[in-house]
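# Summary of structural features
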Amino acid sequence: MFHLFHGQDAYSQRDTLAAMLAKEGDADMLSLNTTRLDSRASFAELQAACDAMPFLSRVRVVLVEGLLAAVPDKTFMEKLAAYLPNLPPTTRLIFLESQALPDNHRLIRLAAEQKIGYVKKFDLPRGPELERWARAHVEARGGHITPQAAGLLAANVAPLFPP
């Protein structure tokens, strides 16, 4: 199964990724079994990383950042779409995209139609949602913040988020 995290909320993407990887076992062994690729990766590099067997771990993690937003050529996407249904069960292939992809993107459709992928869109929180997000994150880390302070925080950081 592959995972596709896309959207402008990079913080929540990383938080979700960290929680997902924490469930996969020992962090040191997982780091030995993690390959990071970027938008310049060829299909052969991606496939080789995914097909490698895990070493002293249950899984192998392949993180690919910015590849799909870079609009790979048609041949690359065709090979990728044909390969993903045959992804080894020990591989966790994770695409991280800093921009939202269109709902009709080939991999989003593939994940939905063939049930072989998990897609999550991470939109930046706005307005009252940003205040709720701030309160929830403070409380999750054992802190306390008043509604007024959360409102001030949201009002001051909102201009930092692109529309």
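Here's a quick rundown of the structure. Numbers given to residues run from 1 along each chain, matching the order in which its sequence is written. In keeping with the predicted nature of the model, local features appear solely for residues at pLDDT of at least 70, side-chain atom pairs appear and are counted solely at 80 or more, and the whole-chain, interface and lining totals rest on all residues. Water and hydrogen atoms play no part in the side-chain values, which are based on all heavy atoms of the structure.

Here we come to the overall build of the protein. Scanning the protein from N- to C-terminus turns up seven helices and five strands. Helix numbering and strand numbering both begin at the N terminus, where a helix is a DSSP run of H or I of at least 4 residues and a strand a DSSP run of E of at least 2. Reading the protein from its N end, one meets helices and strands in the order β-α-α-β-α-β-α-β-α-β-α-α. Seen through its C-alpha atoms, the protein measures out along the principal axes to roughly 50 × 35 × 25 Å. Burial classes: relative accessible area under 20% of the type maximum marks a residue as buried, over 50% as exposed, and values in between as partly exposed (1.4 Å probe, protein chains only). Sorting the 163 residues of the protein into buried and exposed places 39% on the buried side. A separation threshold of at least 6 residues defines the contact pool for the protein, and within that pool the share at least 24 residues apart is 78%. When the accessible surface of the protein is split by element, carbon and sulfur atoms take 57% of a total near 9,300 Å². As used throughout, the charge tally considers Lys and Arg to be positive and Asp and Glu to be negative, leaving His and the chain termini uncounted. Every charge is mapped to an atom, namely NZ of Lys, CZ of Arg, CG of Asp or CD of Glu. Side chains of the protein give 18 positive and 18 negative charges; the mean places of these two sets differ by 3 Å. By definition, residues are in contact when any of their heavy atoms lie within 4.5 Å. Per-residue accessibility takes into account occlusion by the displayed protein chains alone, with areas from the Shrake-Rupley method and a 1.4 Å probe.

Attention now goes to the pairing of strand S3 (residues 60-65). The element S3 is largely enclosed, with a buried count of five among its six residues. One bridge is not enough; two strands pair if DSSP finds at least two bridges between them. As paired strands, strand S2 (residues 34-37) and S3 are joined by four bridges and run parallel to one another. Bridge pairing links Thr-34 to Val-61 in S3. Two strands pair when backbone bridges link them, and S3 and strand S4 (residues 91-97) are joined in this way by six bridges, in the parallel orientation. Among the inter-strand pairings, Glu-65 is bridged to a residue of S4, identified as Leu-96. Convention used here: a crossover is right-handed provided that the path from the first strand, over the helix, to the second strand proceeds clockwise when the strands point away from the viewer. Taken together, S3, helix H4 (residues 74-83) and S4 form a β-α-β motif whose crossover is right-handed.

Here Leu-56, not a glycine, exhibits a phi torsion of approximately 55°, which is positive. Its place among the elements puts Leu-56 in the loop between helix H3 (43-51) and S3. Its identity as a non-glycine residue notwithstanding, Lys-115 has a phi of 55°, on the positive side. In this structure, Lys-115 sits in the loop between helix H5 (106-114) and strand S5 (117-121). Classification of Lys-115 by relative accessible area gives exposed; the value is 66%.

Here we take up the nonpolar core. Of all hydrophobic cores here, the largest spans 27 residues; its most connected members are Phe-2, Leu-46, Leu-80, Leu-93, Phe-95 and Leu-107. Taken together, the elements giving at least two residues each to this core come down to strand S1 (2-6), H3, S3, H4, S4 and H5. Considering every element that reaches this core, the biggest residue donor is H4, with five residues. Not counting chain neighbours up to four residues away, the residues in contact with Phe-2 comprise Leu-84, Leu-87, Leu-93, Phe-95, Leu-107, Leu-110, Ala-111, Ile-116, Gly-117 and Tyr-118. Within this scheme, the nonpolar core is defined by two criteria: the residues are buried Ala, Val, Leu, Ile, Met, Phe, Trp, Tyr or Cys, and they are joined through side-chain atoms within 4.5 Å. Residues Met-20, Leu-21, Val-59 and Phe-122 belong to the second largest nonpolar core, which totals eleven residues.

A few words now on the sheet that holds S1. Strand order in the open sheet formed by five strands is S2-S3-S4-S1-S5, and the pairing between neighbours is parallel. Lying at the two open borders of the sheet, with one neighbouring strand each, are S2 and S5. Across this sheet, the average inter-strand angle for adjacent strands is 15°, counted without regard to direction. In this structure, S1 lies alongside S4, joined through five bridges in parallel fashion. From the neighbouring strand, His-6 faces S4, where its bridge partner is Glu-97. Between the N-to-C directions of two axes lies an angle of 0 to 180 degrees, each axis being a line fitted to C-alpha atoms and, for a helix, fitted only over the stretch in contact.

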